[in-house]
Amino acid sequence: MIERDQQLLLPVRPSYIVGTLLAALMLNLLPFGRAPWAPDFLLVTVALWCLYQPARVGVGVAFCLGLVMDVHATTLLGIHALSYSVMASTVLLLHRRLQWFHPFTQALQMAAVFVAVHALTWVLSMASGGQFPGWELLGAPVAETLLWLPVSMILLAPQRRAPDRDLTRPL
């Protein structure tokens, strides 16, 4: 299951985590016209950091960022917060197992988490009087699954660099 060329990751700076979360929040704030197919960049970023940095990003961070998304989306307060918290607790529950896999295989396993999170959001919004947005709502979990591989490669790239450039060093 583990690859031969897999290397140890360097420690990540907390400022880098905060910066990536803010960048994902800014991408979420872009006006897509509230399209149901638009991916939730913040959800993918929080899931990635819950997987690779569970001591720094957890359910509390996910809940607070979910509240920010509730205010942005002008939905019933707590819908995104609950779904982000459920996602974070699911990823934290599975993080030891998921780290053994290649990011492509992780994306396939995270697809179920993304579908469950969006299903929870849709059920709660419809229970509070919202309308069913149609079948294009399945586009968001698919887009987030497709984003998992490039996001994980980009966000983990600074941790994969060698601490000292030495051609004789094995790590």
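Residues numbered from 1 in each chain as written. Predicted model: local features only at pLDDT ≥ 70, side-chain atom pairs only at ≥ 80, totals over all residues. Heavy atoms only, no water.

In this structure, what is going on with the packing of aromatic side chains? I would like to understand it.
Aromatic ring pairs: the centre-centre distance and the angle between the two ring planes describe each pair. Applying the stated criterion across every chain, the model contains two aromatic pairs. Considering the side-chain rings of Tyr16 and Trp49, the 6.0 Å spacing of their centres and the 85° angle between planes classify their relative orientation as edge-to-face. Pair noted here: Tyr16 is in helix α1 (residues 14–28) and Trp49 is in helix α2 (residues 41–52), with a separation of 33 residues, a long-range link. (Phe/Tyr/Trp six-rings, centres within 6.5 Å; stacked < 30°, edge-to-face > 60°. Helix = DSSP H or I, 4+ residues; strand = E, 2+ residues; numbered from the N terminus.)

Which parts of the structure should I look at to understand the packing of helix α5 (residues 103–127) against helix α6 (residues 139–160)?
Helix-helix packing: each pair is described by the crossing angle between the helix axes and the interaxial distance. Direction vectors running N to C along α5 and α6 enclose 140°, while the axes themselves pass 8 Å from each other. You can see that α5 and α6 cross each other, and the crossing is right-handed. Seen from α5, the contacting residues are Pro103, Phe104, Gln106, Ala107, Met110, Ala111, Phe114, Val115, His118 and Trp122; seen from α6, they are Ala140, Pro141, Glu144, Thr145, Trp148, Leu149 and Ser152. Here the residues of the contact of α5 with α6 sort into twelve nonpolar, four polar and one charged. (Axes fitted to C-alpha atoms, helices over the stretch in contact; angles between N-to-C directions. Left-handed = near helix turned anticlockwise from the far one by under 90°. Contact = heavy atoms within 4.5 Å. Nonpolar A, V, L, I, M, F, W, Y, C, P; charged D, E, K, R; others polar.)

Explain the nonpolar core to me, please; I cannot follow it from the model alone.
General note: in soluble globular proteins, nonpolar side chains tend to be found buried as a group. Ranked by size, the top nonpolar core spans 34 residues in total, and within it Leu42, Val46, Trp49, Met87, Val91, Met110 and Trp148 carry the most contacts. For this core, the elements supplying multiple residues, two or more each, are α1, α2, α3 (59–73), α4 (79–98), α5 and α6. When residues of this core are assigned to their parent elements, the largest contribution, eleven residues, is made by α2. Ignoring anything within four residues of it in the chain, the contact list for Trp148 reads Val44, Ala47, Leu48, Leu51, Pro103, Gln106, Ala107, Met110 and Phe114. (Core = buried A, V, L, I, M, F, W, Y, C linked by side-chain atoms within 4.5 Å. Buried < 20%, exposed > 50% of the residue type's maximum accessible area, 1.4 Å probe, protein only.)

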